Amino acid sequence: MSRRPESERSDWTDLDLLTREEAHGRLLAEIAETDVRLAELGESDEAERELLQSRLRALREAAEDLIEHSKKN
């Protein structure tokens, strides 16, 4: 393990990079969890509902980008 501060270490030195498939899988899991949280919200939780819907859009877009990039390569 490097003795450098975390901010100065490279991901390459830790060998902890995700493959696109692993990242896509994690995004899908997060999307599923967020869907469940969204479904559990009551009518009085409108602010949290909006935040979760925004998060879902971003997660789905990121997952779609990974798929599109994989298709191009």
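Predicted model, so just to flag it, every value in this text is computed and none were measured. (Residues numbered from 1 in each chain as written. Predicted model: local features only at pLDDT ≥ 70, side-chain atom pairs only at ≥ 80, totals over all residues. Heavy atoms only, no water.)

**Brief notes about the nonpolar core**
Considering soluble globular proteins, one finds that nonpolar side chains tend to be buried as a cluster.
In step 1: Grouped together as the largest cluster of nonpolar side chains are ten residues: Ala23, Leu27, Ile31, Leu38, Leu41, Leu52, Leu56, Leu59, Ala63 and Leu66.
In step 2: At the level of elements, helix H2 (20-40) and helix H3 (46-72) are the ones that each hand at least two residues to this core.
In step 3: At five residues, H3 tops the list of elements feeding residues into this core.
In step 4: Look past the residues within four positions of Ala23 in its chain and what remains in contact with it is Leu18 and Leu66. (Core = buried A, V, L, I, M, F, W, Y, C linked by side-chain atoms within 4.5 Å. Buried < 20%, exposed > 50% of the residue type's maximum accessible area, 1.4 Å probe, protein only. Helix = DSSP H or I, 4+ residues; strand = E, 2+ residues; numbered from the N terminus. Contact = heavy atoms within 4.5 Å.)

**Some thoughts on the side chain of Thr34**
In step 1: Mapped onto the secondary structure, Thr34 falls in helix H2.
In step 2: Discounting residues that sit within four places of it in the chain, Thr34 has contacts with Leu52, Arg55, Leu56 and Leu59.

**A few points about the pattern of salt bridges**
Proximity of charged atoms lets side chains of opposite charge pair with each other.
In step 1: The final tally for this structure, using the stated rule, is two salt bridges.
In step 2: A salt bridge links Arg55 to Glu30; its shortest N-O distance comes to 2.9 Å. A residue pair is termed long-range when its members are at least 10 positions apart, and Arg55 in helix H3 and Glu30 in helix H2 qualify at 25 residues.
In step 3: Glu30 sits in the partly exposed class, given a relative accessible area of 23%. (Salt bridge = Lys/Arg side-chain N within 4 Å of Asp/Glu carboxyl O.)

**With respect to the confidence of the model for the protein chain**
In step 1: This prediction gives the protein chain a mean pLDDT of 83; 75% of its residues lie at or above 70.
In step 2: At the level of individual helices and strands, the protein chain shows its lowest average pLDDT in helix H1 (residues 11-14), which scores 56, and its highest in H2, which scores 94. (pLDDT = per-residue confidence, 0-100.)

**Thoughts on a negative patch on the surface**
In step 1: Taken together, the side chains of Glu61, Glu64, Asp65 and Glu68 make up a negatively charged region of the molecular surface.
In step 2: Counting through the fold element by element, Asp65 comes out in helix H3. (Patch = residues over 30% accessible without salt bridge, like charges linked within 9 Å, V, L, I, M, F, W, Y side chains within 5 Å. Areas by Shrake-Rupley, 256 points an atom, 1.4 Å probe, with all protein chains shown as cover. Lys, Arg positive; Asp, Glu negative; His and termini not counted. Charge placed at Lys NZ, Arg CZ, Asp CG, Glu CD.)

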